[in-house]
Amino acid sequence: MPARPELAPPCTRPPQTARVRLIQGLSLLSTGLLAGAFGYGALNLVPTFNSVPIGMRLDFHTELMRMNGITVQGAMAVSTLSSLTLAVLTRALAGAACTLTLASFLITRFGNVPINGRIKQWAATAPSAGHAEILRRWELFNNARTLTAVAAFVILAVLALGSTASAAGPANAGPAYLVRDQIVRAAAMAVPR
């Protein structure tokens, strides 16, 4: 098997422009807010929903979804668009973050939102006979969108930390540089030649 050529260290790329840093900051902030909102919901709100009477849960859930409609959808849109822009500008792993935030949107739109409509109906009337199973499905969709948002945030954080380490050079690079370097090298080794 022929030896693979040695890769140039990732830190040899040109420094980032102010526009790239701005988009990177926006994508990191919006995706962090999205991951934080979903994480808070999964770790705090859902257990609280499950510990109160069903009527209280339905009323609170309905009101919460009304408030979240604009803010969460806005965070998903900004996360997806800024990650896509970052991917176009840098050809980095930001495309994976874009795909993951888009997955969060699709899970929300086609998984959680239809169930939220049922919850709103139940709050006005009474829960249907199979409401527990439907609420369990809502929680599964919620966990899936939380994981995709957190994964997108982690990717963007590694990229941001890696670009900071790249600017410092390999001699001053910390763990983020090493992680990013290993990802780049593994991806290069996976491509058939």
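Remember, predicted model here, so these are calculated numbers, not experimental data.

> Can you lay out a nonpolar patch on the surface for me, pointing to particular residues and giving the numbers?
Together, Leu-102, Phe-105, Leu-106 and Phe-110 make up an exposed nonpolar region whose accessible area comes to about 390 Å². Residue placement: Leu-102 occurs in helix H3 (residues 94-124).

> Mind laying out the packing of aromatic side chains, listing which residues take part and the relevant values?
One pass over the full model with this rule turns up 1 aromatic pair. Plain terms: the ring middles of Phe-49 and Phe-60 are 5.8 Å apart, the flat faces sit at 65° to each other, and that makes the pair edge-to-face. Note that Phe-49 is positioned in helix H1 (residues 18-51) and Phe-60 in helix H2 (residues 54-90), a separation of 11 residues in sequence. In this arrangement the basic side chain of Arg-109 is found over the ring face of Phe-110, its NZ or CZ atom lying 5.7 Å from the centre.

> Give a description of the nonpolar core that names residues and reports values.
Of all hydrophobic cores here, the largest spans 12 residues; its members are Leu-45, Val-46, Phe-49, Leu-58, Leu-64, Met-65, Ile-115, Ile-119, Trp-122, Ile-134, Leu-135 and Trp-138. Filtering out sequence-adjacent residues up to four positions away, Met-65 remains in contact with Asn-116 and Trp-138. Counting residues in hydrophobic clusters, the runner-up holds 9 residues, among them Val-20, Ala-94, Ala-152 and Leu-156.

Criteria and cut-off values
- Residues numbered from 1 in each chain as written.
- Predicted model: local features only at pLDDT ≥ 70, side-chain atom pairs only at ≥ 80, totals over all residues.
- Heavy atoms only, no water.
- Patch = residues over 30% accessible without salt bridge, like charges linked within 9 Å, V, L, I, M, F, W, Y side chains within 5 Å.
- Areas by Shrake-Rupley, 256 points an atom, 1.4 Å probe, with all protein chains shown as cover.
- Salt bridge = Lys/Arg side-chain N within 4 Å of Asp/Glu carboxyl O.
- Helix = DSSP H or I, 4+ residues; strand = E, 2+ residues; numbered from the N terminus.
- Phe/Tyr/Trp six-rings, centres within 6.5 Å; stacked < 30°, edge-to-face > 60°.
- Lys NZ or Arg CZ within 6 Å of the ring centre and 35° of its normal.
- Core = buried A, V, L, I, M, F, W, Y, C linked by side-chain atoms within 4.5 Å.
- Buried < 20%, exposed > 50% of the residue type's maximum accessible area, 1.4 Å probe, protein only.
- Contact = heavy atoms within 4.5 Å.

Just distances and angles here, no functional claims.
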